[in-house]
Structure formats: structure tokens, C-alpha cells
Amino acid sequence: MAIDSRFYASLGALTLESAAHLSGASFTGDPAHAITGIGSADMAKAGELAFIDGAGAGQTSLSEHLDVVVVPESARARVPGGAAVIISSLPRFTHSLIASALFRLREAGPASDGNISSSAAVHPGAIISPGAVIGPGAAIGEGTLIRPNAVVGPGVQIGRNCVIGANASVHCALLGDHVTLFAGARIGEAGFGVMPGPQGLEDAPHFGRVILQDRVTVGANACIDRGVFADTIIGERTKIDNLCQIAHNVVLGRSVIIAALAGISGSVRVGDGSMFGGRVGIADHVTVGAGVRLAASAGVLRDVAPGETWGGTPAKPLRQWMRELVWLSKQAAARKHD
Amino acid sequence: MAIDSRFYASLGALTLESAAHLSGASFTGDPAHAITGIGSADMAKAGELAFIDGAGAGQTSLSEHLDVVVVPESARARVPGGAAVIISSLPRFTHSLIASALFRLREAGPASDGNISSSAAVHPGAIISPGAVIGPGAAIGEGTLIRPNAVVGPGVQIGRNCVIGANASVHCALLGDHVTLFAGARIGEAGFGVMPGPQGLEDAPHFGRVILQDRVTVGANACIDRGVFADTIIGERTKIDNLCQIAHNVVLGRSVIIAALAGISGSVRVGDGSMFGGRVGIADHVTVGAGVRLAASAGVLRDVAPGETWGGTPAKPLRQWMRELVWLSKQAAARKHD
Amino acid sequence: MAIDSRFYASLGALTLESAAHLSGASFTGDPAHAITGIGSADMAKAGELAFIDGAGAGQTSLSEHLDVVVVPESARARVPGGAAVIISSLPRFTHSLIASALFRLREAGPASDGNISSSAAVHPGAIISPGAVIGPGAAIGEGTLIRPNAVVGPGVQIGRNCVIGANASVHCALLGDHVTLFAGARIGEAGFGVMPGPQGLEDAPHFGRVILQDRVTVGANACIDRGVFADTIIGERTKIDNLCQIAHNVVLGRSVIIAALAGISGSVRVGDGSMFGGRVGIADHVTVGAGVRLAASAGVLRDVAPGETWGGTPAKPLRQWMRELVWLSKQAAARKHD
């Protein structure tokens, strides 16, 4: 993937040898092979370091451009001939270690820099309220209002006629026009990625972004995490209620409506015009088609075809769920004196 | 409804003709008929523009004072004789367009105004902590503490001996005495109202307020949305735990106890002294009586009579739910080798 | 318990007589008996005032050092001989009243004190971003980054190489090294403790702390409440996702993984290495063993033995839950034309 330099400063390329050295790993391939970026194994371009975890059983396919990869000894056979290889029993951890030597997340300066960075581009027709902080390299479009004590992180691009609510925060994100974030919304934090390291659990770094297309609305205290090696994308006019969680790499279509307290797990896809009741949960990597309706509290564990209406936990077609509930209720009532 | 001028600036009345012109709609009635306010169809007073959506099937009754209304052609027959009419195939959208030309939400000034507005009335016995922002026209009573980086919006009235937590925000709200908001609580954001517009989904504007009566406590990162054309009201000594969502137009009685992660949907009514376990959900427009107990995780889809104890999703009387669970468990165990 | 003077200022000891006088209660014992602290009935040390609620049926045991206690007349017989007694029909309320005369929660100073208190100890190698507020007596270690508009409360101790997210807040807490709080996380607010008072419901004060051990990660807008008379403790390398609620007095082991929107109720214990799916709820005082897995949406009402995998609401072993669901589904399908 192309790492967005507005959010991550490039620290320069590494050679295969220096990268392997960082993590104390062995390698095969030209020691001078240049590692210029990072990616996922299915999407990596030439020069982008990827990793294959475990035996790669869950890995659907490898990028044809993959030319340098971290793998455990056990998965070495999966690496295409000619690709450089770094051997690690903790491939994701080793990959993260090298990635962090290639890219550094940008941060706001110290307090002495003041609330509005001198390198931010704030349109004269935008209003920055008291206490709001605008990071270096951020851009705020005409007619946009940043309410008090909101935080716009380094490099964040916000279009025209947006409203960023009080105490909301936005990092590693691109916002279109007429985007509304209610108070306390959290856009672009790193997602929840826990990986094993040599000393125990570690947080996996996230190098993607959040894209909020035109006229997206995000409710109070809702959270949308940035992607790992790709973007989390919320389609035009999609409306998300308070206290929802949208995890890394999720792609929501246009005009999706999500009521409060939903939990949409990593890499979920949702088609245009779907409508979710309150407290819905969707497991990771599930695809929900266009025009799907989910009853409040539904817990979705598998793909839902376009146009369907589901409910229950684990979720199933609404009629089936209701029929089962009614049947159970009748049976239990009939036999309560058994 | 009377729009509270502390939160919404009046932009002056419109004539029927100018209002219709704004949205390109046709109308019948005196072109000079004055539109001075807005309301819901069941509550509007003379001069207040209301709307009737669809064929009005869900509309229980119309205000006897209704004298100007936006309706689709199909619902024209429902309008009382003599009332002025604006015809729109998107009545709520047209109503919102006109409403936004009548009233404008007040905002904090620019950063140059400083953190504490010169027009705010802060009692000398109140403490405003570093980084807190107090908007124009806000009032803070004696003995009240505003913790760091909290935001008190324009016109907000806070009584005596309240505590507003760190990074909490309050807009369009009236707070009594001894009210406590924990850190990150979000009071008075616009509710989740999605309506169709000519280009797709639009956010419905909200013109109501939040009323927190004496000794209400609101947990960390909990959200209470303001009403659409009425107020969201939380009764005296009601206690709301962290991460709860209380939607627009909800009315909670006195001494209600709501544990964490509850989702109370729009226009729900809850009677005095009810107690809800964690992760409870209540569908919109449901009425829950006084003294009701809801088991943790209950998902309530219909009215609950006073004094009852319910559980499950969809919720039912607790004994019935438990009996069904026990019966199912026994049956499945007995037949597991079938 | 020893009250941590970094978070609570001691207002000096009280005599039994003066303490009883505060609340208008009667007492037995030496009027000059010194009350120097507070505690729970099972943990109180000499001089620490405790209380016994109701008839004490739920009270497992009393501390052998208990020498002064608030009890209702009905529970007087449970008090060990020789202990001083304050009689109250609202023992917890009376205890809280006296506790508040013994200790006062420390607060940030007024806005005029500036964002970084002169009595805070900020390591020169730490970075405090614009808008962040650091309270009196707080300490920030080397390499730690406090992002914009975060709030570090009075006396809070933060170790090395931590990251405190934008708009996050931390009160009454001790953080180890390499602790990460994402944006909007709420650490150390008072927990949800509602008690009856003479006029109705009251918030029970909380005198404990939150301890986040090394390499703990807390997600965006997640909440961890401080304990009542003890600490809420999150073990090393435990990872908590966005929008989770961790209540007062919870103790989580090491390397616990908790996905988004979980609700962990008061005094729950969780063993090392347990993993919870999204939207899990656990009732108060439940003990979950080490290495337990909970399926997404599980609602746990009773203890779970180490190594088990549970699901459903009320939760049970996953296989049993799945078997019941499958059986119900088959039965209802077979009889749908009955």
C-alpha cells in the first residue's frame, strides 16, 4: 500500500539485511534488496514488505508483486520463488518492528506550538472555536466549523461545510464535504489488533486511514478506527448513531443507517442502503449485502445476502427467528405443568 | 413549540409565500399568512409550521391550533379546513428547510473570544478549570465545578453544586442543582433522525432541549440527545451509568436507575423508580411503567406495565423467559443423542 | 484501606462523637474513639470506619480489626464486641457522609493556574501537546506523550513511554510503563453506586484508584471506573477495545483480551489470558477463570471455570448453547405447518 505521508513520516528505505538485523532474524535473498514500504500479503507491491502468519491457511491469495516477505519457517514453501524472505516465528511482530523503522506516525507539536499549528491550512471562511487544536499540515475547508476543544490531528483533510463536534477527535483521516461529527466522536484511532510478541501480547500498528465521504454523519462518542494496511471507508450519506464502534478496514456503502451501540468488527463490508437497528453486532470479515435490514440486537456471524431481513443471535432470517421464538414460547407454556 | 432563544437565534418570521418559495413548493392559503415558529403536527400552535409525513397513517392526532402545514399531495385531505398548506413530496425535508430559515443554532464564538465568553454568567462561587470553554449566554451557578476541557455550550443553564466532568460537553440544556456529569458525557447533541431529501438521506434538525432535573447523575461517555420539537427530560435523582444512550424526546421519571451500555430509543417513556440492568435496549415509542425491573441485556419491543420484571430479547415477563430457557435446555439435553 | 493522599486530601481524624453528630446518629462506645480512615467491613483496619448494610446477609465476613462501624439497629448483633457503633437506618449513606468529612477528592485548580500545574512533575523527555491539562501533583514519565486536550488529574502517576490519547481523561490512577489510552478513554471516574439517602437516591462516593499495569491498552471512549474502597486493577498487557465499560473494583488478570462494547460489572474477577468477543456482559461479583473464552454477545451471570468456552445469554458452555439453538431450529422447522 502507499503509506499516506500526511499521517506517517517516511524514515527512509531499509535493505533486506538491515531490516532482518533490526529483529535479529535470518533472511534469504539479496542483502541489498530495498524495502521501501509495507503492505498485506494479498496487496503488496514491489518493495513492500508483507508477512504470512502461521501456515497461511487463512490467507486467500498472495499478491503477484510480492517480492519481500516475513514468514515462519513452516510457511516458507508458500513464498513465491525469487522473493526475498525474512524468517521469523512471530512474523506479524517482526513485520511491525520493521514497519516502525520505516514509518513514524505524525504527532501534534508541544504545547508551546499553540493550538493552531502554523503549518495548518485553515480556510478564512472556517471557524475554529476556543480550545480546538489543529495539527501540523491539517487542512480545514470553507464553511467548516470546529467546535470547542475538538482535536484535528496532523495532516487531516476536512472539506467544506463540515461540523466537528465539541471534544471530538480526528486523526489519519480524509473527510469530504458536509460531514458531521457529533461531540466526542473518535475518528482514526488505531484499531484493536493484538498480536503475540516475544514477551507477550503487543498492539499491532495501523498504517491506514479513515475516509468519510460527503455527508456522512457520525454520532456522539462513536468510534471509527483506521485500517491496518488499507482504509476504513464510510460511503456517502451513511448515518451512524451515537456510541457505535466501526473497526479497522470496514467498508460501509452509501446511505447505510446504523442505530446506536452497534459493533461492526474488522473488515466487515456492508452494501448500500442497509439499515441496522440498535445494538447490532457483526463479526469480523462478514459481508452484508445492499438493502439488508437487521433487527435491533442482532448478532451476525455469517454473510447476509442483499435485501434480506435478519434478527437474533446468532442472526438468521427474521421470519425463521420469530417462528422459533413463537414455537418455543408455545411449547414451554403448554408443558409448564409437566 | 416555543423555541428556546437561548439556544436558537430567531431569524424572523416568514410569510407562507416566502416559505414555500424557499423550497420551490406550491401552496394554498393567504400568501401573507405569517409563519412564526415550528412544531409537530400534534402539538403545533397557531403560526407554527408542522408537517404530515406519508399518508399520516401513523399520526395519532392533529393539534386543534394547526393553521399551517407541509403535506404531500396524498395527505392533503387530512389537513383541517382553513389551514394553509405547503405541498411537498418530502414534507419533513421541506419543513426542515423552512425551519432552518426561521431559527439558527447558536455556536461558540471563534477562538479569539477566549475560553470563557464575556456574555457568560459565571457565579463567583463556581470554579472553571483550565481548558474548559463556557459559551455565550451560558450561566453557571454557585458551587458548581466545571472540570478541565469540558465544554458548556451557548445559553446552557447550570444550577448550583453541579459537577461537569473532564472533557464532557453540554449543549441546548438546562441543568438543575446537584447534577453530576462524569467525564466525556455528551448532553444535548442532535438526535439520530434520518429523513429522505431530494438527493438522498439527510439529518433531521433538532430544535428541542435536554432537561436534567436536580441530582441527576450521568455516567462517563454517556449520551443524552436533545428533542426534535420537544424536550428530552431526565427526572430528579435518576442515575444513568457509563456509555448509555438516551435518544431524543425520551422522558425518564424520577429515581430511575440505568446500568451501563443501555440504549433507550427515541420517545421512550419510563416511570419513576424503574431499574434496568446492564446492556438493556428499548425500542422507540415504548412506554415502560413505574417500578419496572429489566434484566441485564433485555431488549424491550413493547410496553411494560408498572411493577413488572422482564428479561430476554424480545423481552417478556422474566418468569416466562426463564421457564422457556429451562424447558429448552432440558429438551435439548434429553434428545441430544436422538 | 489506606486512602491515597495523592487523590484525596485528608481533612483530619474525627472522634466517634463528632462523626455521629455529623449525621445526627446515635452511637455506643468511647466518644473520643478516633476515626482516622474508612474501609469496607471485610477489610477495615483499626480506626477505619466501615458499615454493614441491611441485616448483613450478603456480607461474607468481617475484618478482625474492625473497631468502628455504622450499622442499622437490626444488624447490631453482628458487630464484634468492643467495637464502637454508630446506629443508622441508612448505614451506607451515613458512612458516606462521615467519609466525606474525612477525605476530599483533589481537583485541578482554577483556569488561572494554567494548563500545566506548577506542582506537576513532567519529565523533560515527555511531550505535553497543546490543550492538555496536567493537574497538581501529577507525574509524567520519560518518553510519554500526552495528546491534545487530554486531562491528567491531580496526583495521577504515569510511567514511561505511555501515550494518552486526545481528549482522554485520567483521574485517581497509577499507570505503569508503555500504557496506551486511545482518544476519549475515561480512567478513574467514580463508579456507579446508587444508595438510598433520606431524600432518595444518592451517589455513593468512591475512594479507590485505578491501576493500569505495564503495557495495558485501553480503547477509544472506553471507561474504567475507580474502586469504592479498593482498587480497580488491570493486569499487564491486557488489551481492552473501544467503548468497553469496566466497573469499580474489577480485577482483570494479565493478557486478557476484551473486544468492543463489553460491559464488565462491579467486582468481577477475570483470570489471565481470557479472551472475550464483542458485546460481552458479565454480572457483578462473577469470577471468570484464566484462559476462558466468551463468544460475542455472551451475557455471563455466574462463575466460569478456567479454560471454558461459553456463549449465549444467560451464558452457558458453548457446545450446550449451540446444541440448544440447533435443536430449537430443527424442531420449529419440522413443525412449522403444525
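Predicted model, so just to flag it, every value in this text is computed and none were measured.

Undergrad: Where do I start with the pattern of salt bridges in this structure?
TA: Between side chains of opposite charge, pairing is possible as soon as their charged atoms come close. Per the stated rule, a full pass over the model turns up 27 salt bridges over all chains. For Glu324(A), the salt bridge goes to Lys316(A), with nearest N and O atoms at 2.8 Å. Of the charged contacts in the structure, one is a salt bridge between Arg76(C) and Glu73(C), with a shortest N-O distance of 3.5 Å. Classification of Arg76(C) by relative accessible area gives partly exposed; the value is 30%. Each of the salt bridges in this network shares a partner with another, and the network as a whole consists of Asp4(A), Arg6(A), Arg209(A) and Asp231(A).

Undergrad: What exactly am I supposed to notice about the relation of the copies chain A and chain C here?
TA: Superposing the two chain copies requires a rotation about an axis and a translation along that axis. The operation relating chain A to chain C is a screw motion whose rotation component is 120°, with 0.0 Å of axial translation and a residual RMSD of 0.0 Å. Taken together, these values place the two copies in the relation of a three-fold axis.

Undergrad: Looking at this model, I keep getting lost on the interface of chain A and chain C. Mind explaining?
TA: Many analyses report the size of an interface as the accessible area lost when the parts associate. Counting from both sides, the interface comprises 53 residues of chain A and, opposite them, 43 residues of chain C. Interface area for chain A against chain C, summed over the two sides, is near 3500 Å², with a carbon-plus-sulfur share of 60%. The largest share of the area that chain A buries against chain C comes from Phe192(A), Leu201(A) and Trp327(A), three residues that together contribute 21% of it. Arg147(C) is the partner of Glu107(A) in a salt bridge, and the nearest nitrogen-oxygen pair spans 2.7 Å. On the surface where chain A and chain C come into contact, there are 19 residue pairs in polar contact (both at pLDDT 80 or more). Counting residues per element, the ones that place at least two in the side of chain A that touches chain C are β23 (200–203) and α3 (318–334) of chain A. With six residues, α3(A) is the single largest residue contributor to the side of chain A that touches chain C. Residue classes in the side of chain A that touches chain C are distributed as 23 nonpolar, 20 polar and ten charged.

Undergrad: Mind showing me how you'd approach the environment of Ile234(B) here?
TA: Residues and elements named next belong to chain B. Relative to the assigned elements, Ile 234 resides in strand β27 (residues 232–234). Its relative accessible area of 0% is what places Ile 234 among the buried residues. With sequence-adjacent residues up to four places away left out, Ile 234 is seen in contact with Ile 211, Leu 212, Gln 213, Val 216, Ile 224, Ile 240, Ile 246 and Leu 252.

Undergrad: What exactly am I supposed to notice about the sheet that holds strand β33 (residues 269–270) of chain B here?
TA: Paired through their backbone hydrogen bonds, the strands of a sheet run either parallel or antiparallel. All names here are of chain B. With respect to topology, nine strands assemble into an open sheet ordered β10-β13-β16-β19-β24-β27-β30-β33-β36, the strand pairing being parallel. Of all strands in the sheet, those bounded by a partner on one side alone are β10 (121–122) and β36 (287–288). Bridge analysis of β10 against strand β13 (residues 139–140) gives two bridges, and the strand direction is parallel. Note that in β13 the partner of Val 122 across the bridge is Ile 140.

Undergrad: Just to check I follow, could you spell out the sheet that holds strand β15 (residues 151–152) of chain A for this structure?
TA: Residues and elements named next belong to chain A. The nine strands are arranged β12-β15-β18-β21-β26-β29-β32-β35-β38 in an open sheet whose pairing can be described as parallel. Of all strands in the sheet, those with a lone pairing partner are β12 (133–134) and β38 (299–300), marking the two edges. Bridging between strand β29 (residues 245–246) and strand β32 (residues 263–264) involves two bridges; their strand directions are parallel. In the strand pairing of β32, Gln 245 is matched with Gly 263.

Undergrad: So what exactly am I meant to see when it comes to the environment of Asp42(A) here?
TA: Residue and element names in this part refer to chain A. Tracing the backbone through its elements, the reader meets Asp 42 in the loop between β5 (37–38) and β6 (48–51). For Asp 42, a relative accessible area of 35% translates into the label partly exposed. Between the C-alpha atoms of Asp 42 and Leu 16, which are 26 residues apart in sequence, the distance is 20 Å. A distance of 2.8 Å separates a polar atom in the side chain of Asp 42 from a polar atom in the side chain of Ser 40.

Undergrad: What am I meant to see in unusual backbone geometry here?
TA: When glycine is set aside, most residues are seen to have a negative phi, and most peptide bonds are trans. Residues and elements named next belong to chain B. Residue Pro 314 follows Thr 313 across a cis peptide bond; omega there is -5°. Looking at the element boundaries, Pro 314 is found in the loop between β39 (309–311) and β40 (316–317). Positive phi is not limited to glycine here, since Asn 149 has a value of about 60°. Examined against the element boundaries, Asn 149 turns out to sit in the loop between β14 (145–146) and β15 (151–152).

Undergrad: Explain the side chain of Arg279(A) to me, please; I cannot follow it from the model alone.
TA: Residue and element names in this part refer to chain A. On the secondary structure map, Arg 279 appears in the loop between β34 (275–276) and β35 (281–282). Buried within the structure, Arg 279 lacks any salt-bridge partner; Asp 241 is the closest side chain of opposite charge, at an N-O distance of 11 Å. A polar side-chain atom of Arg 279 sits 2.6 Å from a polar atom in the side chain of Ser 297.

Undergrad: Would you mind going over the packing of aromatic side chains with me for this structure?
TA: For any two aromatic rings, the description comes down to two numbers: the centre-to-centre distance and the angle of the planes. Scanning the model with the defined rule gives 15 aromatic pairs over all chains in all. Members of the aromatic cluster, connected to one another through ring pairs, are Tyr8(A), Phe51(A), Phe103(A), Phe207(A) and Phe229(A).

Undergrad: Would you mind showing me how to read the pairing of strand β23 (residues 200–203) of chain B here?
TA: When a strand is regular, its side chains alternate between the sheet's two faces. Residues and elements named next belong to chain B. As paired elements, strand β22 (residues 194–197) and β23 share four bridges and run antiparallel to each other. Paired with Met 195 across the two strands is Glu 202, which belongs to β23. Linkage of β22 to β23, two consecutive antiparallel strands, is achieved through a turn of two residues.

Undergrad: When you look at helix α2 (residues 91–102) of chain B in this model, what are you seeing that I'm missing?
TA: An α-helical segment advances 3.6 residues per turn. Residues three or four places apart therefore align on the same side. Between its first and last C-alpha, α2(B) extends 16 Å over twelve residues, near the 16 Å set by a 1.5 Å rise per residue. When α2(B) is considered as a whole, its buried residues turn out to be Pro91(B), Phe93(B), Thr94(B), His95(B), Ser96(B), Ile98(B), Ala99(B) and Leu102(B).

Basis of the calculations
- Residues numbered from 1 in each chain as written.
- Chains lettered and ligands numbered in written order.
- Predicted model: local features only at pLDDT ≥ 70, side-chain atom pairs only at ≥ 80, totals over all residues.
- Heavy atoms only, no water.
- Salt bridge = Lys/Arg side-chain N within 4 Å of Asp/Glu carboxyl O.
- Buried < 20%, exposed > 50% of the residue type's maximum accessible area, 1.4 Å probe, protein only.
- Least-squares fit on C-alpha atoms with pLDDT ≥ 70 in both.
- Contact = heavy atoms within 4.5 Å.
- Buried area = accessible area lost by both parts, 1.4 Å probe.
- Polar contact = N/O pair within 3.5 Å; in protein donor to acceptor, adjacent residues only side chain to side chain.
- Helix = DSSP H or I, 4+ residues; strand = E, 2+ residues; numbered from the N terminus.
- Nonpolar A, V, L, I, M, F, W, Y, C, P; charged D, E, K, R; others polar.
- Pairing = 2+ DSSP bridges.
- Lys, Arg positive; Asp, Glu negative; His and termini not counted.
- Phe/Tyr/Trp six-rings, centres within 6.5 Å; stacked < 30°, edge-to-face > 60°.
- Expected span 1.5 Å × (residues − 1).

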